[in-house]
Amino acid sequence: MLSIYRLPDHLPGEKVIKIIRKDFFVLFKKIVLFVILGGLPFLFFFVTNYSSTLNIGEGLIAYPLTIIFLSSYYLFLWLFFFFSFIDYYLDVWIITNERIIDIKQEGFFARTIAELRLYRLQDVTSEVKGIFSTLLGYGNVYAQTAGEKQRFFFKDVPRPEKIRDLLIKISEDSRKLHKGEEMT
Amino acid sequence: MTFPLYILFFLYGFFLLLWTIFSLIALYHMFKFGFKTFTTLFSMLVYLLVSFAIFYVSSYYLMGVDWTLNVSILKNFIN
């Protein structure tokens, strides 16, 4: 497991300032979807048992087949919900006093870690678009750098304007500390 | 067409095997790449507990089934 006290390639004097994940509403939408999918078999049985004389699930094969189907359905639904949660949970941005670390889990057995030294940060933009984003206060942050990965993208993060202000402030502090290294 | 009912049980076993493999992969990723925090461990625990609950309920309803019966398709499907 990762530890926030032992980051990848930990720098001397480096301290974690903030750990950011996508806004909870992103996960909430997935929860709602899975709750709806979870309720579908109940809805199906309600409709079939109350609207016709057909008693599905009570035949010699139908009963075990129904139980097996429902068991497999709920197990795989729960598994896919866990996959969605892992996708949400393992994507993380770590802001330290020295750098931004972008950790992205791109499916299973595929993980990308990118980092940006704060003194190289040139421009930070926050963006809030859409009804839910505006009402719930989440959006995107773009951090422009002169490095190989030119633009860091914080997607659907909570309070993007506060993150923008934080990045501007700590990048200024970092530039003061690393005067002379900016040009390299 | 006649077949023994336990064929369905083997089919179920095959789904369970697939499910187990994917679950282990998911738990491996959480364990290896998740932060050492309460949320990581708690989410893994909740996943396992709910999974066992689904197994328990399924086995409760499947326990009463006589798997040795031979069934004919279409004849005994609907009561």
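One can find the structure itself at the top, above this paragraph.
Residues numbered from 1 in each chain as written. Chains lettered and ligands numbered in written order. Predicted model: local features only at pLDDT ≥ 70, side-chain atom pairs only at ≥ 80, totals over all residues. Heavy atoms only, no water.

It is worth spelling out the overall build of chain B at this point. Helix and strand content of chain B: two helices and two strands. Each helix (α) and strand (β) of chain B, taken in turn from the N terminus, gives the series β-α-α-β. Counting every position in chain B, which comprises 79 residues, the buried fraction comes to 32%. Entry remark: accessible area of chain B is about 5400 Å², with carbon and sulfur atoms responsible for 77%. (Helix = DSSP H or I, 4+ residues; strand = E, 2+ residues; numbered from the N terminus. Buried < 20%, exposed > 50% of the residue type's maximum accessible area, 1.4 Å probe, protein only. Areas by Shrake-Rupley, 256 points an atom, 1.4 Å probe, with all protein chains shown as cover.)

Another aspect to go through is the interface of chain B and chain A. The partner chain A presents 35 residues to the 48 residues of chain B that form the contact. Both faces combined, the contact of chain B with chain A buries some 3900 Å², and carbon together with sulfur accounts for 81% of it. Inspection of the region where chain B meets chain A yields zero salt bridges. Within the residue set of the side of chain B that touches chain A, elements represented by two or more residues are α1 (6-33), α2 (38-62) and β2 (70-72) of chain B. At 18 residues, the largest contribution of residues to the side of chain B that touches chain A is made by α1(B). (Contact = heavy atoms within 4.5 Å. Buried area = accessible area lost by both parts, 1.4 Å probe. Salt bridge = Lys/Arg side-chain N within 4 Å of Asp/Glu carboxyl O.)

A separate point is the nonpolar core. Counting 23 residues, the largest nonpolar core has A:Phe82, B:Met30 and B:Tyr47 as its most contacted members. For this core, the element with the highest residue contribution is helix α2 (residues 62-89) of chain A, accounting for twelve residues. Excluding residues that lie within four positions of it along the chain, A:Phe82 makes contacts with B:Ala26, B:Leu27, B:Met30, B:Ser43, B:Met44 and B:Tyr47. (Core = buried A, V, L, I, M, F, W, Y, C linked by side-chain atoms within 4.5 Å.)

Before going further, it helps to spend a moment on the sheet that holds strand β5 (residues 121-127) of chain A. Residue and element names in this part refer to chain A. Taken in spatial order, the three strands make up an open sheet running β5-β6-β7, and their pairing is antiparallel. On the outer flanks of this sheet lie β5 and β7 (151-158), each paired with one strand and no other. The sheet shows a mean angle of 15° between the axes of neighbouring strands, direction not considered. With six bridges joining them, β5 and strand β6 (residues 138-145) adopt antiparallel strand pairing. Its bridge partner being in β6, Glu 127 is matched across the sheet by Asn 140. In the packing of helix α4 (residues 160-177) onto the sheet, contacts are made with β5, β6 and β7, and the angle to β5 comes to roughly 170°. (Pairing = 2+ DSSP bridges. Axes fitted to C-alpha atoms, helices over the stretch in contact; angles between N-to-C directions.)

It is worth spelling out the environment of A:Asp91 at this point. All names here are of chain A. Structurally, the position occupied by Asp 91 is in the loop between α2 and β2 (92-96). Classification of Asp 91 by relative accessible area gives buried; the value is 7%. Measuring from C-alpha to C-alpha, the distance between Asp 91 and Gln 105 comes to 5.6 Å, with 14 residues separating the pair along the chain. Once residues within four sequence positions are removed from consideration, Asp 91 is found in contact with Ile 20, Arg 21, Lys 22, Ile 103, Lys 104 and Gln 105. One polar contact links the side chain of Asp 91 to the main-chain amide nitrogen of Gln 105, over a distance of 2.6 Å. (Polar contact = N/O pair within 3.5 Å; in protein donor to acceptor, adjacent residues only side chain to side chain.)

So, about the pairing of strand β4 (residues 111-117) of chain A. Residue and element names in this part refer to chain A. Summarising the sheet, strand β3 (residues 99-105) and β4 pair through seven bridges and their orientation is antiparallel. Bridge assignment links Ile 103 to a residue of β4, and that residue is Ile 113. Counting the residues between successive antiparallel strands, the hairpin from β3 to β4 contains five residues, one of them, Gly 107, with a positive phi of roughly 80°.

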